[in-house]
Amino acid sequence: MMRRLTCDDLDALVEIETGNPFPAWSRDQLSRALADPELVVFGVVRGGELSGYAVVARLPFEAELQAMLVAERQRRHGLAAELMREVVAQASAWQSERLLLEVRADNAPAKALYRRFGCLEEGRRKGYYPPREAGAKREDAILMSLPLDDPHDE
Ligand SMILES: CC(C)(COP(=O)(O)OP(=O)(O)OC[C@H]1O[C@@H](n2cnc3c(N)ncnc32)[C@H](O)[C@@H]1OP(=O)(O)O)[C@@H](O)C(=O)NCCC(=O)NCCS
């Protein structure tokens, strides 16, 4: 089941995020995301458990995918693809011109997912992500975007 998450889902959201070896969002950030009227948090539930989530933000002309995570044991079953479909539908409903996102240069699964949805690589931000381990180098971000149909552009 796919649904929009609310403040009542905070504990489940924190649990899935902290189950990721490299959590990106703190409890506080997740709590603020759930309460922010400019953000939508989608969750996909399998077997009664929150198994994945995505955060999309409404910007003045564009939408930005700010988070996408599927629990490790639930991967490769199409859950991220389901979340992407919701995210793209939400951005289209906002009449956003493009969906923007950033992804670590070495994140092959995520890059493959986004490419499958038609996202194009637009650039690279050198050393954007802090190192994941002490002594490692900062990592580059790849900027991607998906042009969305303009309903007024017939
Ligand atoms: C990236 C991530 C969200 C994919 O979730 P998922 O539910 O396993 O993805 P899906 O099963 O929906 O796969 C959809 C498509 O993505 C691509 N894909 C997903 N995982 C892949 C992998 N390990 N290798 C290659 N391609 C992959 C494929 O094109 C796949 O389509 P296919 O199954 O028909 O080949 C998941 O690996 C994850 O949570 N990673 C850690 C967090 C993360 O990196 N988030 C993105 C931050 S920008």
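Per an unreviewed UniProt entry, the protein is named Ribosomal-protein-alanine N-acetyltransferase, and its organism is Halomonas urumqiensis.

Some words on the site of the ligand
Taken together, 19 residues surround the ligand, and among them Met68, Arg76, Gly78, Asn107 and Arg116 come closest. Valine 70 is positioned such that a nitrogen or oxygen atom in its backbone is 2.8 Å from an oxygen atom of the ligand. Protein coverage of the free-state accessible area of the ligand, which is 910 Å², stands at 73%. Elements represented by at least two residues in the shell around the ligand include exactly strand E4 (63-70), helix H3 (79-93), strand E5 (98-104) and helix H4 (108-116). With six residues, H4 is the largest single contributor of residues to the shell around the ligand. Of the residues assigned to the shell around the ligand, the class counts are twelve nonpolar, three polar and four charged.

Focus on unusual backbone geometry
Phi at arginine 76 is positive, roughly 65°, even though this residue is not glycine. Tracing the sequence through the fold places arginine 76 in the loop between E4 and H3. Using a relative accessible area of 83% as the deciding quantity, one classes arginine 76 as exposed. Phi at glutamine 95 takes a positive value of approximately 65°, unusual for a residue other than glycine. By secondary structure assignment, the location of glutamine 95 is in the loop between H3 and E5.

Cut-offs and rules
Residues numbered from 1 in each chain as written. Predicted model: local features only at pLDDT ≥ 70, side-chain atom pairs only at ≥ 80, totals over all residues. Heavy atoms only, no water. Near = heavy atom within 4 Å. Polar contact = N/O pair within 3.5 Å; in protein donor to acceptor, adjacent residues only side chain to side chain. Areas by Shrake-Rupley, 256 points an atom, 1.4 Å probe, with all protein chains shown as cover. Helix = DSSP H or I, 4+ residues; strand = E, 2+ residues; numbered from the N terminus. Nonpolar A, V, L, I, M, F, W, Y, C, P; charged D, E, K, R; others polar. Buried < 20%, exposed > 50% of the residue type's maximum accessible area, 1.4 Å probe, protein only.

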